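Structural overview for review
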Amino acid sequence: MKIYRIYVEKRDGFDLEARKLLHEINELLGISAVRDVRIINRYYVSDISEEVLGKAKNGVFAEPQVDVILDELPDFDAAFAVEYVPGQFDQRADSCEQCIQFISGGERPKVKAAKVYLLYSDSPVGGILPADIAGIKKHLINPVESREA
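Since the structure is predicted, the reported quantities are computational estimates derived from the model, not experimental observations.

What counts, and where the lines are drawn
Residues numbered from 1 in each chain as written. Predicted model: local features only at pLDDT ≥ 70, side-chain atom pairs only at ≥ 80, totals over all residues. Heavy atoms only, no water. Buried < 20%, exposed > 50% of the residue type's maximum accessible area, 1.4 Å probe, protein only. Helix = DSSP H or I, 4+ residues; strand = E, 2+ residues; numbered from the N terminus. Arc of directions from axis to C-beta. Salt bridge = Lys/Arg side-chain N within 4 Å of Asp/Glu carboxyl O. Pairing = 2+ DSSP bridges.

Regarding helix α2 (residues 50-57)
For α2, the full list of buried residues reads Val52, Leu53 and Ala56. Considered in projection along α2, the buried side chains sweep an arc of 100 degrees and stay on one side of the axis. What points out from α2, more than 90 degrees from its buried face, is the exposed set Glu50, Glu51 and Lys55. Among the residues trailing α2, glycine 59 stands out with phi positive, at a value near 130 degrees.

Describing the pattern of salt bridges
Tallying each qualifying case throughout the model produces 13 salt bridges. For glutamate 83, the salt bridge goes to arginine 147, with nearest N and O atoms at 2.9 Å. Here glutamate 83 is found in strand β4 (residues 78-84), whereas its partner arginine 147 is found in strand β6 (residues 146-148), with 64 residues between them in sequence. Classification of glutamate 83 by relative accessible area gives buried; the value is 8%.

Thoughts on the pairing of strand β5 (residues 110-120)
For β5, the tally of buried residues reaches eight of eleven residues, placing the bulk of the element in the interior. Of the pairings in the sheet, the one linking strand β2 (residues 36-46) to β5 comprises eleven bridges and is antiparallel in character. Bridging across to β5, arginine 38 finds its partner in leucine 118. Sheet topology note: the β4/β5 ladder contains five bridges and is antiparallel. Residue phenylalanine 80 lies in a different strand from β5, and its bridge partner there is tyrosine 117.

What follows is the structure, encoded as structure tokens:
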């Protein structure tokens, strides 16, 4: 069984969630070493043909007007991913599965979603410290519903 990996990021101007998070990191958490944040939705998709996946990329996983599909993650200074814990309902993954099943008219694929947080620093001394990353993770991850992927 082949597992496909898809990365989707909001285009500049539509990346409001990333801009808000950068503000929270700088102002609320007081971490000035982080100068930029990118949030990328990562999908693992299985039980699907390449043909159906090609049809689903723009429309199910991404909206061409506001999203960019990436083949791989860009360079970063620090990164981590967050996913739902097993047993928690993942609306994003479930919606993708339903839409793909409708497109294919056949079997329902398996989709696993996560958010990848890419952090960037201009600081030549020390960069983003492990303690800073731990603080950001604590801010983002509610252990009742999510975990680091």
